[in-house]
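Next come the chains, spelled out residue by residue.
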Amino acid sequence: MHFNYYFLKALTDNIRPELVGKVLTDCFSQNKDELVLIFNNQEEFTIKATFNNEISLLSFPTDFKRAKRNSIDLFPDIKDQIVEQIIQYKNERSFSILFKNQHHLLFKLHGRRANIILFQNESFRSMFKNNLINDKNIILTDLNKQIDQSEKAILDANFNIDAIFPTFDKNIKNYLSAYNIDNLDPQEKNILLKKLLSQLNRNVFFIRNNSNSHPLLSLLDDVDQTELFQTNSPVEACNQLTWQYFHRYLLIREKEVAVKTIEKEISKGESYIAKSKDKLTSITQGTKHNEIADIIMANLHLKQQHENSIVLFDFYRDQEIKIKISQNILEKENKVFNLIDLKERLSNIQDIKTLRKESLPFSAKRNKEANAVSKPYIDFIIDGYTVLVGKNAKSNDELLRHY
């Protein structure tokens, strides 16, 4: 329930003295979901907005370094402009940074449709998420919603919560439902609402896990969810929520996806190996090992690199036989071994960047490197035995000395 009106009211009250009078010295994006604003006036203050398809986050890093590449400047109209005021719109999940040149930078924090939009007075200038085309039509003066929320107004509305408190999100409504508000008499309803509003306005913030281990920011007491963090600072709450999302939740989720994909590849590899070995056994069944070795050696000059099979002449029986070359089986075994090793290493990784770096190619890079290594022999599997045959006299010598 982060970025509801009650949390934003506390947040804007907290950052107002930090921002008013400062100059926007830098405003840029390093990826499509991230916008960074750096304000300065002897002391630096940074706002980092992350808006993706799953969650919208604000954080306030104390030491943010802009990347040397892959970043683009945004909102040039307010570059080097002084912040005049922070405006929190009443009963609305939005606030504006007002600059002295009469530009408003609107933070519209509507869940997955969050956006940052620049206005000059009331006229739209530009926005961060250009796909949200309806945001061009926002009228700033309409964002303030003056609602009578007195006890009399609540009673006159027959406790129509949606009409009197339109900013109550589903978590707040679930809180009221848990206390069976619909079955209470008017006096009990009024007491429950007062208790709820007291929690929403007391400036105590919790970071908790939901059932899917997704971190949530809450202003309400809740004994059913795992509490990860508690603070009286809305800035700390934002920073902790961002940390929990990127360094814990995403790590767990992406690790699970990577491990499942790796396990699927391992299973496919093991199935391929088993079927290939069965096929080799059926091909070589009934032929003596020394005869196969003689046939291979006699036809070695016919072996072509990267072939999976070759038809050889069996001079013992005056016929052609097909021997399955086992190089591809051994390569598949090496791949499976690398995948098992990677799976074990991923389980110990505690950093999202390292996880992505390690798991993205899986073992493709390693397989490529392994294939690039020249072997001095050709290898076969015959009745469960691995048979290595030197490619030439020099290779035979190396084979005998080192293998």
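Look a little higher up for the structure.
Think of each chain on its own: its residues are numbered from 1, step by step along the sequence as written. Side-chain atom pairs in this predicted model are given and counted only at pLDDT of 80 or more, local residue features only at pLDDT of at least 70, and totals for whole chains, interfaces and linings cover all residues. As a rule here, side-chain values cover all heavy atoms of the structure and leave hydrogens and water aside.

S.K.: Describe the overall build of the chain, listing the residues and the values that go with them.
M.R.: Per the secondary structure count, the chain includes 11 helices and 17 strands. A separation of at least 24 residues holds for 53% of the contacts in the chain among residues at least 6 apart in sequence. In this description, accessible areas are obtained by the Shrake-Rupley approach with a 1.4 Å probe, and a residue is regarded as covered only by the protein chains that are shown. Just so you have it, the chain exposes about 22500 Å², and 48% of that area is on carbon and sulfur atoms. Numbering of helices and strands runs from the N terminus; a helix is a DSSP stretch of H or I covering at least four residues, while a strand is a stretch of E covering at least two. By definition in these notes, contact holds between two residues if any of their heavy atoms fall within 4.5 Å.

S.K.: Quick one: what's the story with the sheet that holds strand E8 (residues 103-108), residue by residue and with numbers?
M.R.: Strand pairing is assigned whenever DSSP identifies at least 2 bridges connecting the two strands. Strand order in the open sheet formed by five strands is E6-E7-E8-E9-E10, and the pairing between neighbours is antiparallel. Looking at which strands have only one partner, the edges of the open sheet turn out to be strand E6 (83-88) and strand E10 (123-127). Pairs of neighbouring strands in the sheet enclose a mean axial angle of 25°, with direction left out of account. Here strand E9 (residues 115-120) pairs with E10 via four bridges, running antiparallel. Within the sheet, the bridge partner assigned to Ile117 lies in E10 and is Met127. Packing of helix H1 (residues 5-19) onto the sheet brings it into contact with E6 and strand E7 (94-99), and relative to E6 it is tilted by some 170°. In this description, a line fitted to the C-alpha atoms serves as the axis of each element, helices being fitted only across the stretch in contact, and the angle between N-to-C directions of two axes falls anywhere from 0 to 180 degrees.

S.K.: How would you explain helix H9 (residues 352-359) if you had to name every residue and give the values?
M.R.: Relative accessibility thresholds used throughout: buried, under 20% of the residue-type maximum; exposed, over 50%; partly exposed, between the two (1.4 Å probe, protein chains only). Buried residues of H9: Ile352, Leu355 and Ser359, and no others. Down the axis, H9 shows its buried residues gathered within 60° of arc, on one side only. Along H9, the residues that are exposed and aim more than 90 degrees away from the buried face are Lys353 and Lys357. This arc is taken over the directions from the axis of the helix to the C-beta atoms.

S.K.: How would you explain the environment of Lys145 if you had to name every residue and give the values?
M.R.: With respect to the element layout, Lys145 can be found in the loop between E10 and helix H2 (151-156). For Lys145, a relative accessible area of 31% corresponds to the partly exposed category. The sequence separation of Lys145 and Pro166 amounts to 21 residues, and the corresponding C-alpha distance is 9.6 Å. Filtering out sequence-adjacent residues up to four positions away, Lys145 remains in contact with Lys90, Asn91 and Glu92.

S.K.: Please set out the packing of aromatic side chains residue by residue, giving values where relevant.
M.R.: Aromatic ring pairs are described here by two measures, namely the spacing of the ring centres and the angle between the planes. By convention, a stacked pair of Phe, Tyr or Trp rings (six-membered ring in the case of Trp) has centres within 6.5 Å and planes under 30 degrees apart, an edge-to-face pair has planes over 60 apart, and any other such pair is tilted. Across all of its chains, the model carries 12 aromatic pairs by this definition. Residues Phe7 and Phe205 carry aromatic rings whose centres are separated by 5.4 Å and whose planes lie at 90° to one another, so their mutual orientation is edge-to-face. With Phe7 in helix H1 and Phe205 in strand E11 (residues 205-209), the pair connects residues that are 198 residues apart, well separated along the chain. We note that Phe7, like Phe205, is buried. Here the aromatic rings of Tyr175 and Tyr179 are separated by 5.0 Å at their centres, their planes lie at 50°, and the arrangement is tilted. Classification of Tyr175 by relative accessible area gives buried; the value is 9%.

S.K.: Give a detailed account of the nonpolar core, specifying residues and quantitative values.
M.R.: Formed by 75 residues in total, the largest nonpolar core has its most connected members in Phe7, Ile47, Leu58, Ile97, Leu105, Phe107 and Phe168. In terms of residues, this core owes the most to one element, helix H6 (residues 234-284), which gives 12 residues. Excluding residues within four positions of it along the chain, Ile97 makes contact with Leu19, Phe39, Ile47, Val83, Gln85, Ile86, His103, His104, Leu105 and Phe107. Definition of nonpolar core: a set of buried residues of the types Ala, Val, Leu, Ile, Met, Phe, Trp, Tyr and Cys, connected through side-chain atoms within 4.5 Å.

S.K.: I'd like a description of the side chain of Ser395, backed by residues and values.
M.R.: Tracing the chain through its elements places Ser395 in helix H11 (residues 393-402). The residues touching Ser395, leaving out its near neighbours within four places in the chain, are Pro376 and Gly390.

S.K.: Would you mind going over helix H5 (residues 186-200) in detail, with residue names and values included?
M.R.: What a helix should span is 1.5 Å times the count of its residues minus one. For H5, with 15 residues, the first-to-last C-alpha span of 21 Å sits near the 21 Å given by 1.5 Å per residue. Along H5, the residues classified as buried are Lys189, Asn190, Leu192, Leu193, Leu196, Gln199 and Leu200. Buried-residue contacts for H5 involve H1, H2, helix H3 (161-164) and helix H4 (170-178). The residue sitting at the N-terminus of H5 and contributing the capping side-chain oxygen is Asp185; that oxygen lies 3.1 Å from the backbone nitrogen of Gln187. Here a polar contact is recorded for every N or O atom pair within 3.5 Å, except that within protein the pair must consist of a potential hydrogen donor and a potential acceptor, and residues adjacent in sequence are included only if both atoms are side-chain atoms.

S.K.: A description of the sheet that holds strand E2 (residues 34-41) should follow, citing residues and the corresponding values.
M.R.: Spatially, the five strands line up as an open sheet ordered E4-E3-E2-E1-E5, and their pairing is antiparallel. Whereas interior strands pair on both sides, the edge strands pair on one side only; in this sheet they are strand E4 (56-59) and strand E5 (72-73). With respect to the sheet, H1 is in contact with E2, strand E3 (43-51) and E4, its orientation differing from that of E3 by roughly 140°.

S.K.: Report on the environment of Lys22, specifying residues and quantitative values.
M.R.: With respect to the helices, strands and loops of the structure, Lys22 is situated in the loop between H1 and strand E1 (23-31). Spatially, the C-alpha atoms of Lys22 and Asn40 are 5.3 Å apart, while their sequence positions differ by 18 residues. With residues near it in sequence (within four places) discarded, Lys22 still touches Phe39, Asn40, Asn41, Glu43, Phe45, Gln81, Ile82 and Val83. For Lys22, the side chain forms a polar contact with the main-chain oxygen of Glu18, separated by 2.8 Å.

S.K.: Could you give an account of the packing of H4 against H5, naming the residues involved and the relevant values?
M.R.: The interhelical angle for the contact between H4 and H5, taken along N-to-C directions, is 145°, at an axis separation of 11 Å. Remark: the crossing between H4 and H5 carries right-handed chirality. The residues of H5 that touch H4, namely those facing Ile172, Tyr175 and Leu176, are Leu192, Leu193, Lys195, Leu196, Gln199 and Leu200. Tallied by class, the residues present in the contact of H4 with H5 amount to seven nonpolar, one polar and one charged. By definition, turning the near helix anticlockwise from the far helix through less than a right angle yields a left-handed crossing, and turning it clockwise yields a right-handed one. Each residue gets one label: Ala, Val, Leu, Ile, Met, Phe, Trp, Tyr, Cys and Pro are nonpolar, Asp, Glu, Lys and Arg are charged, and the others, such as Gly, are polar.

S.K.: Which residues make up unusual backbone geometry, and what values go with them?
M.R.: As a rule of thumb, non-glycine residues mostly have phi less than zero, and peptide bonds are mostly trans rather than cis. At Gln42, a position not held by glycine, the phi torsion is positive, near 75°. In this structure, Asn158 takes a positive phi of about 55° despite not being glycine. With respect to the helices and strands, the residue Asn158 is situated in the loop between H2 and H3. Exposure remark for Asn158: the relative accessible area of 61% places this residue in the exposed category.

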